[in-house]
Amino acid sequence: MLNGYSIIDADSHVVEPPQMWREYLAPEFLDFAPSAEMKIQGEEVVEKVSPQVRDAGNQQMRQAHPNAYFQGYNVESHLQEMVQMGIDVAFLYPTYGLWLWAIDTMQPAVAGGFTDAYNRWLKDFCSYEPNKLQGVGAVNLHAPESLVAQLQQIASFGWQAVFLRPNPVKGRLLSDSAYEPFWTECEQLGIAVGIHEGTHSRLPTTGTQRFNTRFATHACSHPMEQMMALLALIEGGVLERHPQLKVAFLESGCGWLPYWLWRLDEEYENLHWEVKDHVRIKPSEYFRRQCFISIEPSEPYLAQVMEYIGTDNMIFGSDYPHMDHKPDIVNEMVKLEETLSKETVQKILWHNPRRFYNLF
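Read on for a plain summary of the structure. Because the structure is a prediction, the values reported are computed rather than measured. (Residues numbered from 1 in each chain as written. Predicted model: local features only at pLDDT ≥ 70, side-chain atom pairs only at ≥ 80, totals over all residues. Heavy atoms only, no water.)

### A few points about the overall build of the protein
A tally of helices and strands in the protein yields 15 helices and 11 strands. If one aligns the C-alpha atoms of the protein with their principal axes, the spans along those axes are about 55 × 45 × 40 Å. Across the 360 residues in the protein, those meeting the buried criterion constitute 56%. Within the protein, counting contacts between residues at least 6 apart in sequence, those at least 24 apart form 75% of the total. Between the averaged position of the 28 positive side-chain charges in the protein and that of its 46 negative side-chain charges there is a distance of 1 Å. (Helix = DSSP H or I, 4+ residues; strand = E, 2+ residues; numbered from the N terminus. Buried < 20%, exposed > 50% of the residue type's maximum accessible area, 1.4 Å probe, protein only. Contact = heavy atoms within 4.5 Å. Lys, Arg positive; Asp, Glu negative; His and termini not counted. Charge placed at Lys NZ, Arg CZ, Asp CG, Glu CD.)

### Notes on the packing of aromatic side chains
Considering all chains together, one arrives at 16 aromatic pairs under this definition. Where Phe249 meets Trp256, the ring centres are 6.4 Å apart and the plane angle is 85°; that geometry is what we call edge-to-face. Taking relative accessible area as the criterion, Phe249 reaches 0% and is therefore assigned buried. On the accessibility criterion, Trp256 (9% relative accessible area) is buried. Geometrically, the ring pair formed by Tyr259 and Trp262 is tilted, given 5.9 Å between the ring centres and 40° between the ring planes. With Tyr259 and Trp262 both in helix H11 (residues 256–275) and three residues apart, the pair spans about one turn of that helix. (Phe/Tyr/Trp six-rings, centres within 6.5 Å; stacked < 30°, edge-to-face > 60°.)

### Remarks on the nonpolar core
Membership of the largest hydrophobic core comes to 119 residues, with the highest contact counts inside it found for Trp21, Phe114, Trp183, Leu230 and Phe249. Among the elements that line this core, the one with the most residues is helix H6 (residues 108–126), at nine residues. Ignoring any residue separated from it by four or fewer positions in sequence, one finds Phe249 in contact with Ile195, Gln226, Ala229, Leu230, Leu233, Trp256, Phe287, Cys291, Phe292, Ile293 and Ser294. (Core = buried A, V, L, I, M, F, W, Y, C linked by side-chain atoms within 4.5 Å.)

### Looking at the layout of surface pockets
A volume near 960 Å³ is recorded for the largest pocket. Taken together, 36 residues make up the lining of the largest pocket; nearest its centre are Asn58, Met61, Thr95, Tyr96 and Trp99. Of all the elements, helix H2 (residues 51–64) adds the most residues to the lining of the largest pocket, at five residues. Split by residue class, the lining of the largest pocket holds 16 nonpolar, 12 polar and eight charged. In this structure, the second largest pocket spans a volume of roughly 270 Å³. The wall of the second largest pocket is formed by 15 residues, among which His218, Glu251, Glu296, Asp319 and Asp324 lie closest to the centre. For the lining of the second largest pocket, the element with the most residues is helix H9 (residues 214–235), which contributes three residues. Among the residues forming the lining of the second largest pocket, the class breakdown is two nonpolar, eight polar and five charged. (1 Å grid on protein atoms, 1.4 Å probe; cavity = no way out; pocket = protein on both sides within 12 Å on 5 of 7 lines; lining within 4 Å. Points joined across faces, edges and corners; volume = space filled by probe spheres on them. Nonpolar A, V, L, I, M, F, W, Y, C, P; charged D, E, K, R; others polar.)

### Section: the sheet that holds strand E9 (residues 247–249)
Spatially, six strands are ordered E6-E7-E8-E9-E10-E11 in an open sheet, and the strand pairing comes out parallel. Strands at the two margins of the open sheet, each flanked by one partner only, are strand E6 (137–138) and strand E11 (314–316). Direction of pairing for strand E10 (residues 291–295) relative to E11: parallel, over a ladder of three bridges. Across the sheet, the residue bridging to Ile295 is Phe316, located in E11. (Pairing = 2+ DSSP bridges.)

### Structural notes on the environment of Gln63
When you line up the elements, Gln63 lands in helix H2. As for Gln63 and Met323, which are separated by 260 residues in sequence, their C-alpha atoms are 9.9 Å apart.

### What to know about the packing of H9 against H11
Axis separation between H9 and H11 bottoms out at 12 Å; the angle between their running directions is 30°. Crossing angle aside, the handedness with which H9 passes H11 is right-handed. Residues Pro223, Gln226, Met227, Leu230, Leu231, Ile234 and Glu235 of H9 form the contact with H11, whose own contacting residues are Trp256, Leu257, Trp260, Leu261, Leu264 and Val275. Among the residues making up the contact of H9 with H11, the classes are represented as 11 nonpolar, one polar and one charged. (Axes fitted to C-alpha atoms, helices over the stretch in contact; angles between N-to-C directions. Left-handed = near helix turned anticlockwise from the far one by under 90°.)

### As for the side chain of Lys246
Considering the arrangement of structural elements, one finds Lys246 in the loop between helix H10 (238–241) and E9. Of the side chains with opposite charge, Glu187 comes closest to the buried, unpaired Lys246, at an N-O distance of 11 Å. Reaching out from Lys246, the side chain makes a polar contact with the backbone oxygen of Arg355 at a distance of 2.5 Å. There is a polar contact of 2.7 Å between the side chain of Lys246 and the side chain of Asn358. For Lys246, the residues in contact, after removing those within four places along its chain, are Ala192, Val193, Gln290, Phe292, Arg355, Phe356 and Asn358. (Salt bridge = Lys/Arg side-chain N within 4 Å of Asp/Glu carboxyl O. Polar contact = N/O pair within 3.5 Å; in protein donor to acceptor, adjacent residues only side chain to side chain.)

### Remarks on the sheet that holds strand E4 (residues 89–93)
The strand order across the open sheet built from three strands is E1-E4-E5, with neighbouring strands paired in parallel fashion. The two strands at the open ends of the sheet, each matched to only one other strand, are strand E1 (8–13) and strand E5 (133–135). In this sheet, adjacent strand axes meet at a mean angle of 35° when their direction is disregarded. Looking at chain direction, E4 and E5 are connected through three bridges and run parallel. Across the sheet, residue Phe91 finds its bridge partner in E5, namely Gln134. This element, helix H15 (residues 342–356), spans E1 and E4 of the sheet and lies at about 75° to E1.

### Some thoughts on the pairing of E4
Counting buried positions along E4 gives five out of five residues, so the element sits mostly inside the fold. The two faces of E4 match: Val89, Phe91 and Tyr93 on one face and Ala90 and Leu92 on the other face are all buried. When E1 meets E4, the two strands line up parallel, connected through four bridges. Bridged to His13 within E4 is Tyr93.

And the structure:
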């Protein structure tokens, strides 16, 4: 709690210790255990990351939270940093996992081995303080036939959310028919879906075919991949067929959303006949009905965005402890009460993420 606000961090991150993969991977996958340098059998799990970017990221993370950095981002340090930031509950997304099962050429069984190992490790991590640490499960999009069983296992952990990358995996969009049982099961189990991009992955990613710097690829990847993920869920009829499904678009700001919804509504007005069998209402109505978006407190147009889409669909994520995370970001959120109402700030910090994640 900070300044009287109860706070849910809807997008926090663990940093998986390198040795945990060898400890948690099933024996048949141990040959694929990443090294301390996060290479698999000598091959990088990421691409287009310069040594300068690696060093800068390491330095920024060390300076932002030295206590956690020097404790190896263990569970005790995570809880200590939550207290410092004023966060009551954190929903935990991966760091290295964002890349490990985002290798398009990876064998489906190996990707499944990584997701299973990660989920079991995260379950143990969260068990240290389950009322404060909430796991967001990983699933293996490389093997669509395994998704329902994975969801059932995740639900058995008591978790209420999974995360997906927005990028195509093995050529499949999120609306691919192979994933339909997954969406059905998410809806039936009440599992929320957080969509989270990760720059430098080895999946098809907007910008990586044109640019080489993190400056350019990071600017492109997060908002543009989220835009296309939202489009896939609408154009492919996923949100139409599953009206109780809840989806959040994380770590990309919210400024792109009004333009994109306006654009899609315009296209729908002119071309609704082309998609009428599986898009029956305006795209903006699907978003307002069942989608959420995380905001950045420094975005200069928040009031205008809220005027357009309302305040019921906005949530907050700190991105702790990544290089993009700002140590004072929670304070910045609380200071929004100077321009927004306290009621609105509390909705974003607590009520909306609580509703998205089916918390309590």
